Amino acid sequence: MEKRRTLRRLRSQAGTVISYTVMWQSSLRHIAGHFGTGIQSYFNFLRFLVLMNFVASLLVLGFVVAPNAAFEALPLNWTSQQSNTSVNASCLNYNPSPQGLVTYFSLIMDLLSGQGFIELTYLFYGYYQNSAVDFMNFSYNIPLAYLLTAFFYLHFCLSWIIRRSVYCLKRSLVSEDASLGSYSNKVFAGWDFALSQKGVVELRHKSIRYELQMDLEEEALRRRNAERTTAQRVRLYVLRGLLNILVLGLLGGAFFSIYWATNYSQELLGKADSPVKGKYVLELLVAYLPSGVITAANLFVPMIFGFMVPLEQYPLSFEIKITLLRSVFLRLASVVVLLISLWSQITCGGDPQNSECQSCGYNNHLHPCWETSVGQEMYKLMIFDLLVMLLVMLFVEFPRKMLVASFPTCTLLKLWGQQEFMVPSNVLDLVYGQTLCWTGALFCPLLPVLNTIKYVAIFYLKKLTLYANCRPAERTFRASSSNFFFLLVLLLGLIISYVPALYSLFVLPPSKACGPFRGELTMWHTVSSAVSELPRIAREFLEFVGSVAFAVPLFLLLSILMFYVMALADSYSSMVKGLKRQLRLEGQDKLFLVKQISELSQ
């Protein structure tokens, strides 16, 4: 018995120590106490992205960047994986090194645009060699390591997001189930009697108050919806239909602007006699034109959505979801439009017989190293996204707070008011940035490292602006369902980023003049070549795993397993419904007994 008590005490102490090591735990508790769990859900989501990108950064640094840096520093034997003797000489014209005198200003321009000296660093695809390094009876295949690292990086993110989504879905179903008496749990069982510090007690008070306020608001909204007449509902549905048509028009205009800006920028920069060549500022503006148009559309169109959505009279939790859904469609579709525009330029509109694509299989005149070109676009979008956030914070949010605080009697400033922390738009910024990272990771290997640094900076900047510039929300929303929805949107971004990665792996021919896959038919051909060099037993096993003879039985087995799990879930669901029915009957019995007791006592 004494051993069990000691073991329990040790577990409790270990749990306390671990809780102190959880990243930003204290900050998240303060945010939940002052602004509610809805705002806290944004920072929880941001912490999850930081951890995921940090692990991915270790993967990229450990298997791609660090080995290449070590091999270059050591006198080792390098063996080329493919010869370029049969390649057209025009396909090998690629020299991004700056010529002549390089000024300090041009170095800054290169850093912002991803061109010049920074193009020949570990940041971009074109710098890596198509070689294997031999040392100590071991061969390190750089192209294979590069490809498998990118492949496992995307699959690692997919697995972690799905695991966390399942966890959040369970919590969402439990918290939103009214039959479980969530209101009663908050009132009678929501307090933690182990709290002793005054500050922690106050934070817990505020957190429970926000949760009760959310329940009361949702109940009031359900009552108002039930009291609407048929004519009021018809008017509301017509208004929602008209607003959705306006939303589609705004999205269409934004997509056309992005497509035009990308084509204009790439064509102007690709000309040898371009009027912007040598004019650093003008050239930088033209290079950032697609990023600027995308950022402007992502900044102003969601603001219009924000003005429109209150007119549709949705519950706040659904209002956040529909605003997030519209905005995320705009942002992710803008990335898709950008990629389609780049694909059209790289592949000559999908026409391999075009004169510009016939010699190399891609447009080597406009994009001599097309993988680096795609990586540069994602790099510029990430840099521009961070710069815009900083500019909005410095020149919009802080001045607004100062004006409202300095002139409290001004009528216009009263109507403008102190800003609220808008969860949908801020979550959307994170999803958009993470999608850019996933899309560009194959072409810009250090993008996960840069994204980790960016998100750490965003956490502290958003925390600063939350406490300094924002007030608690007048309307609260349920954080549990929003956490699941945030991950669902993030999963959509990951699926979108899979498309260009898989297309580049299996369909597009790699650049002939740069990168670890130069001279190969496709990037995936590196894996096939590596498998062919394995021992016979290992090679035959992998060929069997990739054959139809293995795939069909596996598919049948997974189908049977899926139907079994579905049947098991149905049985559990029926059991849960029966228990809930029994709980309701027990409650009615208690009410009947209380009524009988009160009647007998009179």
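Before any of the text, the structure's been laid out above.
Residues numbered from 1 in each chain as written. Predicted model: local features only at pLDDT ≥ 70, side-chain atom pairs only at ≥ 80, totals over all residues. Heavy atoms only, no water.

Enquirer: Teacher, can you tell me more about the overall build of the protein chain here?
Expert: For the protein chain, the count of helices and strands is 19 helices and 3 strands. A burial count over the protein chain gives 42% of its 602 residues as buried. Across the protein chain, every contact between residues at least 6 apart in sequence was considered, and the portion connecting residues at least 24 apart equals 77%. When the accessible surface of the protein chain is split by element, carbon and sulfur atoms take 67% of a total near 33200 Å². (Helix = DSSP H or I, 4+ residues; strand = E, 2+ residues; numbered from the N terminus. Buried < 20%, exposed > 50% of the residue type's maximum accessible area, 1.4 Å probe, protein only. Contact = heavy atoms within 4.5 Å. Areas by Shrake-Rupley, 256 points an atom, 1.4 Å probe, with all protein chains shown as cover.)

Enquirer: Looking at this structure, I do not really get the packing of aromatic side chains. What am I missing?
Expert: Any two aromatic rings considered together are summarised by their centre-to-centre distance and by the angle between their planes. Summed over the entire model, instances satisfying the criterion amount to 21 aromatic pairs. Measuring from ring centre to ring centre gives 5.7 Å for Phe 151 and Phe 152, while their planes differ by 80°; the resulting arrangement is edge-to-face. (Phe/Tyr/Trp six-rings, centres within 6.5 Å; stacked < 30°, edge-to-face > 60°.)

Enquirer: Got a minute to help me understand the pairing of strand S3 (residues 138-141) in this structure?
Expert: For a regular strand, side-chain orientation follows a simple rule: the groups alternate between the two sheet faces. Where strand S2 (residues 131-135) and S3 come together, 4 bridges link them in antiparallel fashion. Bridge assignment links Phe 135 to a residue of S3, and that residue is Phe 138. Joining the antiparallel neighbours S2 and S3 is a turn of 2 residues, in which Met 136 adopts a positive phi near 50°. (Pairing = 2+ DSSP bridges.)

Enquirer: Help me understand the state of the cysteines, please; the structure alone is not making it clear to me.
Expert: Disulfide: a covalent bond connecting the sulfur atoms of a pair of cysteines. Summed over the entire model, instances satisfying the criterion amount to 3 disulfides. A sulfur-sulfur distance of 1.8 Å marks the disulfide that ties Cys 91 to Cys 360. With the S-S dihedral at roughly -100°, the linkage between Cys 91 and Cys 360 falls on the left-handed side. Of this pair, Cys 91 sits in the loop between strand S1 (77-80) and helix H4 (104-113) while Cys 360 sits in the loop between helix H11 (316-346) and helix H12 (370-406); the two residues are 269 residues apart in sequence, bridging distant segments of the chain. Neither residue differs from the other here; Cys 91 and Cys 360 are each classed as buried. Two residues, Cys 348 and Cys 357, share a disulfide whose sulfurs are 1.8 Å apart. Of note, the bridge from Cys 348 to Cys 357 carries an S-S torsion of about 90° and is right-handed in sense. Cys 357 shares its class with Cys 348; the two are buried. Ordering the disulfide-forming cysteines of the protein chain by sequence position, one finds them joined as 1-4, 2-3, 5-6. Left unpaired, Cys 444 is separated from the closest cysteine sulfur, that of Cys 437, by 8.7 Å. (Disulfide = S-S within 2.5 Å.)

Enquirer: Would you mind showing me how to read the pattern of salt bridges here?
Expert: Any two side chains of opposite charge can pair, on the condition that their charged atoms come close. Enumeration over the complete set of coordinates arrives at 3 salt bridges. The partner of Glu 377 in a salt bridge is Lys 380, with the nearest N and O atoms 3.2 Å apart. With Glu 377 and Lys 380 both in helix H12, this residue pair falls 3 residues apart, about one helical turn. Each member of the pair, Glu 377 as well as Lys 380, is classed as buried. Between Asp 385 and Lys 454 there is a salt bridge, with the nearest N and O atoms lying 3.0 Å from each other. Placement of Asp 385 in helix H12 and of Lys 454 in helix H15 (residues 447-469) is noted, with a sequence separation of 69 residues between them. Judged by its relative accessible area of 12%, Asp 385 is buried. (Salt bridge = Lys/Arg side-chain N within 4 Å of Asp/Glu carboxyl O.)

Enquirer: Can you help me understand helix H3 (residues 37-73) in this one?
Expert: At 3.6 residues per turn, the α-helix brings residues three or four places apart onto the same side. For H3, built from 37 residues, the straight-helix expectation of 54 Å at 1.5 Å per residue is met to within 8% by its first-to-last C-alpha distance of 51 Å. Taking the largest bend as the criterion, H3 deviates by roughly 45°, centred on Leu 61. (Expected span 1.5 Å × (residues − 1). Bend = angle between axes of the 7 residues up to and from the residue.)

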